Amino acid sequence: MMISCTIRCVQSAKSVEWRNNMYIVLLSGGSGKRLWPLSNDLCSKQYIKLMNPDEAEHSESTEKCSMLQRVFGQLKAASLSENTIVCASDSQVELIESQLDGQAEVAVEPMRRNTFPAVMLSCAYLLSNKGAKPDDVVAFLPVDPYTTVEFFNKIKSLGEYIEKQDSVIGLLGGVPTYPSTKYGYIVPEKNGSEPFAVKGFREKPDEVTAQELVDMGALWNCGVFCFKLNMAAQWLDKYGVTTNYDEMVADYEKLPKQSFDYEVLEHWKNIVAVQYDGIWKDLGTWNTLTEEMKEQSIGDVTWDKTCENSHAINVLGVPMVVMGAKNMVIAGDYMGKPITGIGGVVQIYVDRKNYILLDKFGVDSYDVITEDTRKSAASGIARGAVGA
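In this text, all values refer to a predicted model and were calculated from it rather than measured experimentally.

**Some words on the side chain of Ser 310**
One can find Ser 310 in the loop between strand 15 (301–303) and strand 16 (311–314). Side-chain polar atoms of Ser 310 contact the backbone oxygen of Ala 325, separated by 3.4 Å. Excluding residues that lie within four positions of it along the chain, Ser 310 makes contacts with Gln 296, Trp 303, Ala 325, Lys 326, Asn 327 and Met 328.

**Some details on the environment of Trp 303**
Structurally, Trp 303 is set in strand 15. Counting along the chain gives 19 residues from Trp 303 to Val 322, while the straight-line C-alpha distance between them is 5.0 Å. Those residues in contact with Trp 303, other than ones at most four positions away along the chain, are Gln 296, Ser 297, Ser 310, His 311, Ala 312, Val 322 and Ile 330.

**As for the pairing of strand 11 (residues 219–228)**
Where burial is concerned, most of strand 11 is hidden: nine out of the ten residues are buried. Across four bridges, the pairing between strand 6 (residues 137–142) and strand 11 is antiparallel. If you follow Ala 139 over to strand 11, its bridge partner there is Cys 226. Relative to strand 11, strand 8 (residues 169–174) is paired through five bridges, and the arrangement is antiparallel. The residue of strand 11 that forms the bridge with Gly 173 is Asn 221. Pairing analysis gives two bridges linking strand 9 (residues 185–189) to strand 11, with the strands arranged antiparallel. Within strand 11, the position partnered with Tyr 185 by the bridge is Trp 220.

Rules and cut-offs
- Residues numbered from 1 in each chain as written.
- Predicted model: local features only at pLDDT ≥ 70, side-chain atom pairs only at ≥ 80, totals over all residues.
- Heavy atoms only, no water.
- Helix = DSSP H or I, 4+ residues; strand = E, 2+ residues; numbered from the N terminus.
- Polar contact = N/O pair within 3.5 Å; in protein donor to acceptor, adjacent residues only side chain to side chain.
- Contact = heavy atoms within 4.5 Å.
- Buried < 20%, exposed > 50% of the residue type's maximum accessible area, 1.4 Å probe, protein only.
- Pairing = 2+ DSSP bridges.

Shown next, in the form of C-alpha cells:
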C-alpha cells in the first residue's frame, strides 16, 4: 500500500507532476433517508444505483451506478482514489466494500454522532492505520455531490496550497447559478487572486438574502474542507481524546454530537476558499435527482399518453403501469402493498409491494414526509398525499 507516490495528473488541460501527500475521506455515515422509500436504514441514498457514470471515467458499461460509485470513479479519473477512505457506520461496510470492489478502506464509526466526531475518527484512522504523517493533507467531502472530474482536480489544487501552510483550513465553494435557498453560503473576501480569505458563513437563507449573497460574490458551500492532519490533536485535546484510532473508538462518546462546521469552522480564524465554476448539485431531493435522470424511468415501466413531467423508479422486478401522472415521482420498492395515489389515476400492478407518490414540486426533503405517512406506506394504506 503506497502512502506517498509520484503521479501524473491532468488539471486544466495540462499535465503536472505532484507528490501526492493528500488523503481523501468520503463522509458516508448519514442515514440518507431523503430519497425515501428507496433509501432507508438498510440502504441509504448514496448506495442506490440510479446514476450514470461520469463520461470522464471512459466506462463502457451502460449499467447504473450509485452516488458512491460515481464519485469514486471521478476520484480515480483525477488520480486521487488510491489514498481515499470512506467513513461510515458498521452496517454499511459490506455494501461499500462490494460496490467499490475493496478499493477503499472504511473507517467505521462506533455510532452516529454527526460530522465532527466522524472527521476526527477519520484523521485517527489515517494516522494509525494508513501510515499518514502529521503534516500530510486530508480533504473531506460528502459522498453524494453531482459534479464533474474538474471539481476533484480543484480539490487537488486546494490540497497543494494547504500543504504549504500552517493552521489553515481550506474550503471549496461553488459559483452560484441562481440564488438558492437550499444551500449554505461561504462569504469570501474577494480581494486579489485565489485562495480568498473567508469572512463568514450563512446557512440556508431566504430568497432576498440569497440574492444579496450572490450579488456580493458568495459561494455555495459544497461541504468540502481541507487541512493538515496535525491540526486534529488541538481540536481533540479539550475532550481528553487522542489521535490513536483504537483509543478514539473506545472514547468516541466523549466527543460532542456536533457538526464540524459548528465545532470548528465557525470559530476558526484562518480559513481560505477557492471557487469552482462548474456543475455542482446536491442530489438530496427527488426533484433534483430526476433533473439529472436522462431517462423518464428506471426499471420496467409503461406510461400512458396522459402522463406529464413525471419520473418512475421501479426496483420491484415486476412491471409497473403509470397512468395520468402529472409532476410526480413514483418510486416502487419492497416494503409493503399496492396503493393508489392522487394527482391523476396512477396504477401499479404489483403483489405485496409498496410504492409512494411524491409531488415533484411539493416535497423537498425526507423531513417533510410525516411519520404517519411513512407508517401508512409501510402498511400499504398510504394515499400519496405527501406535500398536499
